[in-house]
Amino acid sequence: MTSQGRRLTRQRVIVAEALASAKRAQSAQELFERIQADHPTLGRATVYRALEAQVQDGMASRFERDGHVSAYIACDAEHHHHLVCTECQRVEDLDESAVAPLLASVGRRYEFQVDHAALDFYGLCRRCGGRRSTRAAGR
Ligand SMILES: [Zn+2]
Ligand SMILES: [Zn+2]
């Protein structure tokens, strides 16, 4: 491996570890800021590229945020469906069995043989939704 290749691998590992240690979805900018403290020489473009590479390799999932910002979370390749809280950015894996009826009905209705699907649901998690309704009730 060339020295440049080695450096690239090391940078990817740093980004992968930072993402894996994050409990919530992180935008590239947020992750870049996290990494900066320990690795000030790692550039923002490198973080972006490393994140995209992780998505390509099935090690991470990408989510959309307001304003066309992408957020990422480290993820097993087997997870295809997620519940994404838009308030606290917590991401929960949604079991395949939860979406199986939906895929079956799509298959019937459109006469389409679904091979695989990736579904992300955006909204409020129990904690954030509960807090919001408590606040509303207190008014
Ligand atoms: Zn997942
Ligand atoms: Zn939440």
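Everything below is about the structure printed above this text.
Residues numbered from 1 in each chain as written. Chains lettered and ligands numbered in written order. Predicted model: local features only at pLDDT ≥ 70, side-chain atom pairs only at ≥ 80, totals over all residues. Heavy atoms only, no water.

**Q** What's the story with the side chain of S27 in this structure? I'm lost.
**A** Turning to its location among the elements, S27 is positioned in strand β1 (residues 26-27). Filtering out sequence-adjacent residues up to four positions away, S27 remains in contact with R65, V69, S70 and A71. (Helix = DSSP H or I, 4+ residues; strand = E, 2+ residues; numbered from the N terminus. Contact = heavy atoms within 4.5 Å.)

**Q** Looking at this structure, I do not really get the pairing of strand β3 (residues 69-74). What am I missing?
**A** A regular strand carries its side chains on alternate faces of the sheet. For β1 and β3, the ladder comprises 2 bridges, and the chain directions are antiparallel. If you follow Q26 over to β3, its bridge partner there is Y72. Where strand β2 (residues 60-65) lies against β3, 6 bridges are found, and the strand directions are antiparallel. In the sheet register, F63 faces β3, and the bridge partner there is A71. The loop that links β2 with its antiparallel partner β3 comprises 3 residues; one of these, G67, has a positive phi angle of about 75°. (Pairing = 2+ DSSP bridges.)

**Q** What is the right way to read a nonpolar patch on the surface from this model?
**A** Residues Y110, F112 and V114 make up a contiguous nonpolar surface patch of about 330 Å² in total accessible area. When you line up the elements, Y110 lands in helix α4 (residues 96-110). Here Y110 falls in the exposed class, since its relative accessible area comes to 55%. (Patch = residues over 30% accessible without salt bridge, like charges linked within 9 Å, V, L, I, M, F, W, Y side chains within 5 Å. Areas by Shrake-Rupley, 256 points an atom, 1.4 Å probe, with all protein chains shown as cover. Salt bridge = Lys/Arg side-chain N within 4 Å of Asp/Glu carboxyl O. Buried < 20%, exposed > 50% of the residue type's maximum accessible area, 1.4 Å probe, protein only.)

**Q** Would you explain the sheet that holds strand β5 (residues 91-93) in this entry?
**A** Sheet strands line up and pair through hydrogen bonds in the backbone, either parallel or antiparallel. In spatial order, the strands read β5-β4-β6; together these 3 strands make up an open sheet with mixed pairing. Unpaired on one side and paired on the other, β5 and β6 (119-123) mark the two borders of the sheet. Strand-to-strand twist across the sheet, computed as the mean angle between neighbouring axes with direction ignored, equals 20°. Of the strand pairs in this sheet, strand β4 (residues 81-85) and β6 are connected by 5 bridges, and their pairing is parallel. Counted as the bridge partner of H81 is L119 from β6. (Axes fitted to C-alpha atoms, helices over the stretch in contact; angles between N-to-C directions.)

**Q** Explain the nonpolar core to me, please; I cannot follow it from the model alone.
**A** Membership of the largest hydrophobic core comes to 15 residues, with the highest contact counts inside it found for V15, L31, I35, V47 and L51. If you list the elements that add at least two residues to this core, you get α1 (3-21), α2 (28-38) and α3 (44-56). (Core = buried A, V, L, I, M, F, W, Y, C linked by side-chain atoms within 4.5 Å.)

**Q** Would you explain the coordination of the zinc ion (ligand 2) in this entry?
**A** Ideal geometry at a metal centre: 109.5 degrees between donors when four sit tetrahedrally, and 90 or 180 degrees when six sit octahedrally. At the metal site, the zinc ion (ligand 2) is ligated by C85 (SG), C88 (SG), C125 (SG) and C128 (SG), and these contacts range over 2.2 to 2.4 Å. Of note is the zinc ion (ligand 2), whose 4 donor atoms meet at the metal with angles of 104 to 114° in an arrangement that counts as tetrahedral. Mapping the donors of the zinc ion (ligand 2) onto the primary sequence yields the spacing C-x2-C-x36-C-x2-C. On the basis of relative accessible area, C85 is assigned to the buried category, the value being 2%. With relative accessibility at 12%, the residue C88 sits in the buried group. (Donors = N, O, S within 2.8 Å, 3.2 Å for Na, K, Ca; no water. Tetrahedral: all angles 85-135°; square planar, octahedral: opposite > 155°, others 65-115°.)

**Q** Can you walk me through the sheet that holds β3 in this structure?
**A** The sheet built from 3 strands is open, its strands ordered β1-β3-β2 with antiparallel pairing. Each end of this open sheet is capped by a strand with a single partner; those strands are β1 and β2. In this fold α1 packs onto β1, β2 and β3, with an angle of close to 85° to the strand it touches most, β3.

**Q** I'm lost on the pattern of salt bridges in this one. Help?
**A** Charged atoms that come close allow side chains of opposite charge to pair. Summed over all chains, the structure comprises 2 salt bridges. Where R65 meets E30, a salt bridge forms, and the shortest distance between an N and an O atom there is 3.2 Å. In this pair, R65 is assigned in strand β2 and E30 in helix α2, connecting sequence segments 35 residues apart. The partner of R62 in a salt bridge is E52, with the nearest N and O atoms 2.6 Å apart. Placement of the pair is R62 in strand β2 and E52 in helix α3, with a sequence separation of 10 residues.

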